[in-house]
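Commentary on secondary and tertiary structure
What follows is the residue order along each chain.
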Amino acid sequence: MFVRVKRSARRDGGPPYEYLQIVESRRDGSSIRQKVIATLGRRDVVVPTDLLDALVRSLASFCQRVQVVDRIRREGLQAHTAMAWGPPLVFGRLWQEQRLPEVLGRLAMGRRFAFDLERVCFALAVQRLCIPGTSSDLQGSSWLRTVACPGFADIQLHQLYRTVGGFLPAVREALERELFARDRDLFDDELDLVFVDTTSTFVWRDDETPLRRRGYSRDRRPDHPQVVLGVAVDRHGWPIAWEILPGSTADQRALVRMVETLRTRLRIRRMILVADRGMVSKDTIRVLTTDTQAPFDYILGCRMRRQREVRDEVLARPGRFHVVVDTLEVKEVWVEDRRYIVCRNPIEAEKDAAARQAILGTLEQTLATQGPKAVIGNRGYARFLTVRKGSMTINQQAVEDDARLDGKFVLRTSTDLTPEEGARAYTSLWRVERTFRETKSTLKVRPLFHHTDQPTIGHIVACFLALRLEVHLQRKLDERGSQVPWPNLMRDLGQVQAIDLELDGERYRLRTDLQGSAYEAFAAAGVRPPATVTHLGKAKPAPSGDLPAADAVVPKLDACPVRC
């Protein structure tokens, strides 16, 4: 129902009369019909008096929500608790859509857990989304007391320890199989392109274990042991498999392990594997192609400077490039039975040429003014220098060879895709790179302080559960055309809080405003924001002698409480 202004013409030709009416809208089949419930009188007669004020006060006495909000605004009431409400509402819906409660419940069958294991796993995932970088379970148990989510208040610290150190490491492989089967049903029944890459993350420990080993550190922390993470994602950026390897594992060996995972654990029989340069070797290609039951096609990046065949034969072959887009040109090269795709970005080629000219200009000036000793040890200059006894000159042949690489990258492939399709597939490798960027920055796998290997594995598994929720929400945002930066989205979502208070012997929960992009997250996840005021029932009488809880100021509420 609503109030409508009805205008009526006057016989003397003056301004029309305006009458206030209470009208109800009703649906009649496919049409909407309005019925006048009551006419309150002429506007110029009713408004100047207090008749409307009295009517509104009388109606408000039958509306609990309006009374609560009105008294909060007039009397400045204070609440006992203020807890984060937005993240568990949004990610809880996605958690259910991925059927994770069913999967975890099935994996926990036969295990004697005296607590709600599914709630603990969800809490671990949401914690890593909301407060990334706090891998400590002790910090997590304290944070749970600030979140309004069913079941979180009952979670104890030892339950977090048992889940991270016992349950998640033990069921990691089974969990991966279950989720992969669910993903194929929920999101995509085809698996043609799979992107694979590896990264590493160090552990704040000095002692090595079978898992934590010292190796090449991408974090530039060779003083600490590390673990190697391998991940495979589909063409939509959805993580389908992950592997946790010893920190000393080389990239080629990590790729072989990922291929074994895809074949044996997930039972994938046909796909095209896409991987970055550094993964190419005779062993990896043999592992990919010689399996009789599951031979995989591949698109692999090549190291142009280190691979002799690529440097001396593939790049030396003449031929015209075919323009795909302004930033991509391709041509096909065969060396015996090996197929290569040479790709060039004209814009990057200009940047590479300009950078080289700047280096050569500085090098010439340094040699002329300061002598050869000034450039010894500079790795940027070394590739352009020829050192002879008593002299150091610029190697013009090295300059020409470097110019041949401007803006180019080379792919080796076993597929029958066109050069354009192969190049586009490889350039989509940013999806797995984005996954790693989110895992190591947004989710922050580090810091890792665990003493043993099992909790380290459990911590990483919890991070991947959180990553699934993030990717799921990001996909839904992309479908809506929303370009909200993830940090801003999480900040605004965290501002949606639940305020619990007592008024006249009744308990109420108030929701704060949806700030910034919070509504985008609710809409994308398909979650209706809670009402501004929710009645929770009768207030419990405080035991005698107990001190009241510390009060918290009630944040600003929506301007129109009855709207939601």
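The rules behind these values
- Residues numbered from 1 in each chain as written.
- Predicted model: local features only at pLDDT ≥ 70, side-chain atom pairs only at ≥ 80, totals over all residues.
- Heavy atoms only, no water.
- Phe/Tyr/Trp six-rings, centres within 6.5 Å; stacked < 30°, edge-to-face > 60°.
- Helix = DSSP H or I, 4+ residues; strand = E, 2+ residues; numbered from the N terminus.
- Buried < 20%, exposed > 50% of the residue type's maximum accessible area, 1.4 Å probe, protein only.
- Lys NZ or Arg CZ within 6 Å of the ring centre and 35° of its normal.
- pLDDT = per-residue confidence, 0-100.
- Contact = heavy atoms within 4.5 Å.
- Expected span 1.5 Å × (residues − 1).
- Arc of directions from axis to C-beta.
- Pairing = 2+ DSSP bridges.
- Axes fitted to C-alpha atoms, helices over the stretch in contact; angles between N-to-C directions.
- Core = buried A, V, L, I, M, F, W, Y, C linked by side-chain atoms within 4.5 Å.
- Parallel < 35°, antiparallel > 145°, perpendicular 65-115°, else oblique.
- Nonpolar A, V, L, I, M, F, W, Y, C, P; charged D, E, K, R; others polar.
- Salt bridge = Lys/Arg side-chain N within 4 Å of Asp/Glu carboxyl O.

What follows concerns the packing of aromatic side chains. One pass over the full model with this rule turns up 7 aromatic pairs. With 5.9 Å between their ring centres and 50° between their planes, Phe122 and Phe152 make a pair best called tilted. You can see Phe122 sitting in helix α6 (residues 117-130) and its partner Phe152 sitting in the loop between α7 (137-143) and α8 (157-170), a full 30 residues away along the chain. Take Phe122: its relative accessible area is 1%, and that puts it in the buried class. Judged by relative accessible area, Phe152 falls into the buried class, the value being 0%. What links up through ring pairs into an aromatic cluster is the set Trp95, Phe122 and Phe152. Above the ring of Phe321, the side-chain terminus of Arg344 is found at 4.3 Å from the ring centroid.

Let us now look at the confidence of the model for the protein. Averaged over every residue, the pLDDT of the protein is 83; residues scoring 70 or more account for 86%. For the protein, the element scoring lowest by mean pLDDT is strand β20 (residues 552-553), at 46; helix α4 (residues 86-97) scores highest, at 95. Between residues 545-554, whose pLDDT stays under 50, and residues either more than four places distant or in other chains, the model counts 16 contacts. Across residues 556-564, where pLDDT falls below 50, the model places 28 contacts with residues more than four positions away in sequence or in other chains.

Attention now goes to helix α18 (residues 453-479). Helix length check: α18, at 27 residues, gives a terminal C-alpha distance of 39 Å against a target of 39 Å (1.5 Å per residue), a fit within 8%. The buried count for α18 comes to 24 of 27 residues, which makes it a mostly enclosed element. Phi for Gly481, located one or two positions after α18, is positive at around 75°.

Turning next to helix α16 (residues 419-427). Considered for burial, the residues of α16 that qualify are Pro419, Gly422, Ala423, Ala425 and Tyr426. Buried residues of α16, seen end-on, are gathered within an arc of 160° and therefore sit on one face of the element. On its buried face, α16 is in contact with β6 (193-202), β9 (272-275), β10 (297-301), β12 (328-335), β13 (338-344) and β16 (408-413).

Attention now moves to the sheet that holds strand β2 (residues 17-28). Read from one edge of the open sheet, 3 strands run β1-β2-β3, paired in antiparallel fashion. Looking at which strands have only one partner, the edges of the open sheet turn out to be β1 (2-8) and β3 (31-42). Each adjacent strand pair in this sheet contributes to an overall mean axis angle of 40°, direction not counted.

With that settled, consider the nonpolar core. In terms of nonpolar packing, the biggest core is built from 104 residues, with Phe91, Trp95, Phe167, Leu262, Leu273 and Leu473 touching the most fellow members. Residue contributions to this core peak at 12 residues, all from α18. The next biggest cluster of nonpolar side chains, apart from the first, holds 12 residues, and it includes Cys302, Met304, Val310 and Val410.

For the rest of this paragraph, the subject is the sheet that holds strand β5 (residues 81-84). The strand order across the open sheet built from 4 strands is β5-β17-β18-β19, with neighbouring strands paired in antiparallel fashion. Sheet topology places β5 and β19 (533-538) at the edges, where each strand pairs with a single neighbour. Averaged over neighbouring strand pairs, the angle between their axes works out to 25° when direction is ignored. Alignment of strand β18 (residues 506-511) against β19, held across 5 bridges, turns out to be antiparallel. Paired with Tyr508 across the bridge in β19 is His535.

Here we come to the packing of α4 against α18. When two helices pack together, their arrangement is given by the angle between the helix axes and by the axis-to-axis distance. At a minimum axis distance of 10 Å, the contact between α4 and α18 shows a crossing angle of 100°. Classified by the angle between their axes, α4 and α18 sit roughly perpendicular to one another. Along the contact surface, α4 presents Val90, Phe91, Leu94, Trp95 and Glu97, while α18 presents Leu465, Leu469, His472, Leu473 and Lys476. Its residues assigned to classes, the contact of α4 with α18 shows 7 nonpolar, 1 polar and 2 charged.

What follows is about the pattern of salt bridges. Counting across every chain of the model gives 37 salt bridges. As a salt-bridge pair, Arg212 and Asp207 come within 3.7 Å of each other at their nearest N and O atoms. Overall, the relative accessible area of 0% leaves Arg212 in the buried class. Here Asp453 ties to Arg212 by a salt bridge, and the two come within 3.9 Å at their closest N and O atoms. Of the two residues, Asp453 is situated in helix α18 and Arg212 in the loop between β6 and β7 (226-234); the sequence distance between them amounts to 241 residues. Put simply, Arg172, Glu173, Glu176, Glu243, Arg257 and Arg265 are held in one network by salt bridges that share partners.

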